[in-house]
Amino acid sequence: EAPPNAGDPLILPPGIDSQTFKSFTQRLADIVGQSNVTIISTDKELHQESYLDPSKAHDMFYVLEKQYFVSSAVVAPRDVADVQAIMRLCNEFEIPVWPFSIGRNVGYGGAGPRVPGSLGMDMGRHMNKILNVDVDGAYALVEPGVTFFDLHDYLVKNNLRDKLWIDVPDLGGGSVLGNTCERGVGYTPYGDHYMMHCGMEVVLPDGSLVRTGMGALPDPEADPNLPPHEQKPNKCWQLFNYGFGPYNDGIFTQSSLGVITKMGIWLMTNPGGYQSYLITMPRDEDLHQAIEIIRPLRVGMVLQNVPTLRHVLLDAAVMGDKSTYSDSKAPLTDTEIDAIAHKLNLGRWNFYGALYGPEPVRAVMWQVVKTAFGQIPGAKFYFPEDMPDNKVLQIRDGTLQGIPSVDELRWVDWLPNGGHLFFSPIAKVSGDDAVAQYKLTRRRSEEFGFDFIGTFVVGMREMHHIVCIVYDRRDADMRRRAHKLISTLVDDAAKQGWGEYRTHLALMDQIAATYSFNDHAQMKLNEKIKNALDPKGILAPGKNGVWPQTYDKVAWRV
Ligand code: ADP
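Residues numbered from 1 in each chain as written. Predicted model: local features only at pLDDT ≥ 70, side-chain atom pairs only at ≥ 80, totals over all residues. Heavy atoms only, no water.

(A) Up close: the overall build of the chain. Looking only at helices and strands, one finds 14 helices and 19 strands in the chain. For a compact globule of 558 residues, the expected C-alpha radius of gyration is about 24 Å, and the chain comes in at 24 Å, within 12% of that figure. With the C-alpha coordinates aligned to their principal axes, the bounding extent of the chain is approximately 70 × 60 × 45 Å. Burial statistics for the chain: of 558 residues in total, 59% are counted as buried. Sequence separation of at least 24 residues holds for 74% of the intrachain contacts in the chain that already meet a minimum separation of 6. Summing over all exposed atoms, the chain offers an accessible surface of approximately 22200 Å²; the carbon and sulfur share of this is 54%. (Helix = DSSP H or I, 4+ residues; strand = E, 2+ residues; numbered from the N terminus. Rg over C-alpha atoms; globule rule 2.2 N^0.38 Å. Buried < 20%, exposed > 50% of the residue type's maximum accessible area, 1.4 Å probe, protein only. Contact = heavy atoms within 4.5 Å. Areas by Shrake-Rupley, 256 points an atom, 1.4 Å probe, with all protein chains shown as cover.)

Here you go:
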């Protein structure tokens, strides 16, 4: 093998030689300045392994080889004009570019690109301003790098939290914009982030700029002499999602059709009172009845937020690693799991919810909830003050009122050098479906040597069933088993008519292929749009299984 040329990255972009790469990165530096271009040339630059210090160049929770989902270089645009110039340059050189906001998309690929050697585009390093918080309209307009912590801190520092709350996912270090465009969820009444977004500004693959919804209508006070991205936006941009004509926002989510540079997000008005709670259910079989109780309450909005029904091992993993509970290397047995539940004073299933509103409203709601769950023999009811040592209940108390944290992170340390994948099928809110998904995912997990660690996240009419596959990153055999497990589950699920809402880079092709109604009609549509907007296929090729015409999608399968 020829020795690498000085200045070469670990992985060159596909079809690009050293010399071309050098000219490309010089041109990049001309746009953004040398300090905003980092070439990923040694394994040392892939040292980051922790959510708290996330890598901008690879998937830290690698399931394939560590050096597979790795960027050749990372560029950090300073503003929208830089993003536009970068898109034009990538078209000129035909080099793939993979945008991310913070790169904390853990369990789904982090900052890693689908095509090794892509240019990573770090949208969050400089473009991290909260552009507007409108108290009366209860919304914010943010740039890509604004994290849930940033937005929450802003409300606290400006004494606005008595008026406005945000919604946060389990971990608050990711970006509001990145999480929303991946259709991530949180746990307050505003838990469906995409539902609560309003208005986007997007750079298309050819470098042109659009504002969606009401943003397409110029504000009469906007200065036409400013570049479009700096022009004052329409005053209804963050108030009405749909504008006029075809509604475009959806095609920019989980997609490779644009780089989002601004996004509006609705904030929740402070409900005037709050009480989180935990309901424990003692038996594994209680899952069926619990879900049957949850459905009418949730769709009827007595359950006001996105509550979760968590398997005891998820809570156990937040409170200690596997070795603190057992010497066993094998999946824990029912007897062992019961012992853990007993030790932690938890049920086999644990329901975390919250009541929102002034005291009399909460009291009425609580009576309804208690009566309903009280039908389950042995169900117990707790408020956070009843269980000061229950770390999970204390964390959920914050999360369900939109206070960000990173404490849930602990469960990834269930095993040493813990990395994780999420298997995330959508489920009907029915006892039969929940039990069937639980049985299947638990049986398969154990067959491949893993504990079942999972939670049902209850949306309005469906559940995101999140199965956390925790593996030891340093153990190549375990990584292979984890990959085989999730891949087996995808096929198993598709046979039952279950599909995933989001996935890791390594599974995107497989899952996209399961959404195959009428001879893959939806994929054909997606490919048509992709090729029309991005004829050279430079933006995030392969993202969510959509490959541009310039790539042989079979050859890129992993
Ligand atoms: P987080 O903000 O949670 O750390 P990431 O920044 O890792 O999330 O983004 C997750 C994924 O969302 C990225 O891999 C990319 O596909 C998409 N994404 C993130 N930000 C943007 C953006 N500004 N424009 C287009 N796609 C984006």
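Don't stop here, the text continues.
(B) Fine view of the site of the ligand. Taken together, 20 residues lie near the ligand, and Ser101, Ile102, Arg104, Ser175 and Ile260 sit nearest. One of the backbone nitrogen or oxygen atoms of Arg104 is found 2.4 Å away from an oxygen atom of the ligand. Elements with a contribution of two residues or more to the shell around the ligand: β3 (97-100), α4 (176-181) and β10 (259-266). Each residue belonging to the shell around the ligand can be placed in one class, and the counts come to nine nonpolar, eight polar and three charged. (Near = heavy atom within 4 Å. Polar contact = N/O pair within 3.5 Å; in protein donor to acceptor, adjacent residues only side chain to side chain. Nonpolar A, V, L, I, M, F, W, Y, C, P; charged D, E, K, R; others polar.)

(C) Structural context of the pattern of salt bridges. Inspection of every chain in the model, using the stated rule, returns 35 salt bridges. With a closest N to O distance of 3.8 Å, Glu285 and Arg283 form a salt bridge. Judged by relative accessible area, which is 53%, Glu285 ranks as exposed. Arg444 is the partner of Asp492 in a salt bridge, and the nearest nitrogen-oxygen pair spans 2.5 Å. Here Asp492 is found in helix α12 (residues 476-495), whereas its partner Arg444 is found in helix α11 (residues 431-447), with 48 residues between them in sequence. You can call Asp492 buried: its relative accessible area is 10%. It is possible to trace a salt-bridge network through shared partners that takes in Asp284, Asp334, Asp338, Arg348, Arg442 and Glu446. (Salt bridge = Lys/Arg side-chain N within 4 Å of Asp/Glu carboxyl O.)

(D) Molecular detail of the nonpolar core. One finds Leu309 and Phe373 to be the most contacted residues of the largest nonpolar core, which totals 137 residues. Leu309 has contacts with Met281, Leu287, Ala290, Ile291, Ile294, Trp349, Asn350, Phe351, Thr455 and Phe456, leaving out every residue within four places of it along the chain. Of all hydrophobic cores here, the second largest spans 26 residues; its members include Phe148, Leu155, Leu160 and Met196. (Core = buried A, V, L, I, M, F, W, Y, C linked by side-chain atoms within 4.5 Å.)

(E) Fine view of the side chain of Arg161. Mapped onto the elements of the fold, Arg161 is located in the loop between α3 (148-157) and β7 (164-165). Buried and without a salt bridge, Arg161 has Asp162 as its closest oppositely charged side chain, separated by 9.0 Å. A polar contact is formed between the side chain of Arg161 and the backbone oxygen of Gln401, at a distance of 2.5 Å. Once residues within four sequence positions are removed from consideration, Arg161 is found in contact with His152, Leu155, Val156, Asn270, Gln401, Gly402 and Ile403. (Lys, Arg positive; Asp, Glu negative; His and termini not counted.)

(F) Region of the structure containing helix α8 (residues 334-344). Residues of α8 that are buried include every one of Ile337, Ile340, Ala341 and Leu344, and no others. Take α8 and look down its axis: the buried residues cluster within an arc of 100 degrees, on one side only. Among the exposed residues of α8, those oriented more than 90 degrees off its buried face are Thr335, His342 and Lys343. Taken together, the buried residues of α8 touch β13 (308-311), α7 (312-319) and α11. (Arc of directions from axis to C-beta.)

(G) Structural view of α11. If you check α11, its first and last C-alpha atoms are 24 Å apart, about what 17 residues at 1.5 Å a residue would give, namely 24 Å. All of the buried residues in α11 are Gly431, Asp433, Ala434, Gln437, Tyr438, Leu440, Thr441, Arg442, Arg444 and Ser445. Directly beyond the C-terminal end of α11, a positive phi value near 90 degrees is found at Gly449. (Expected span 1.5 Å × (residues − 1).)

(H) Representation of the pairing of strand β4 (residues 119-122). Here β4 shows no split at all, with Leu119 and Met121 on one side and Gly120 and Asp122 on the other all buried. One ladder, built from three bridges, connects strand β2 (residues 73-75) with β4; its direction is parallel. Bridge assignment links Val75 to a residue of β4, and that residue is Met121. In this structure, β3 lies alongside β4, joined through four bridges in parallel fashion. Bridge pairing links Pro99 to Met121 in β4. (Pairing = 2+ DSSP bridges.)

(I) Here's a closer look at the environment of Trp266. Mapped onto the secondary structure, Trp266 falls in strand β10. Accessibility expressed as a relative area gives 28% for Trp266, which makes it partly exposed. Separated by 27 residues in sequence, Trp266 and Leu239 have C-alpha atoms that sit 8.4 Å apart. When sequence neighbours within four positions are dropped, the list of residues in contact with Trp266 reads Ala138, Tyr139, Tyr190, Met195, Met196, Cys198, Gln238 and Leu239. Engagement of the side chain of Trp266 in a polar contact is seen with the backbone oxygen of Gln238, the distance being 2.8 Å.

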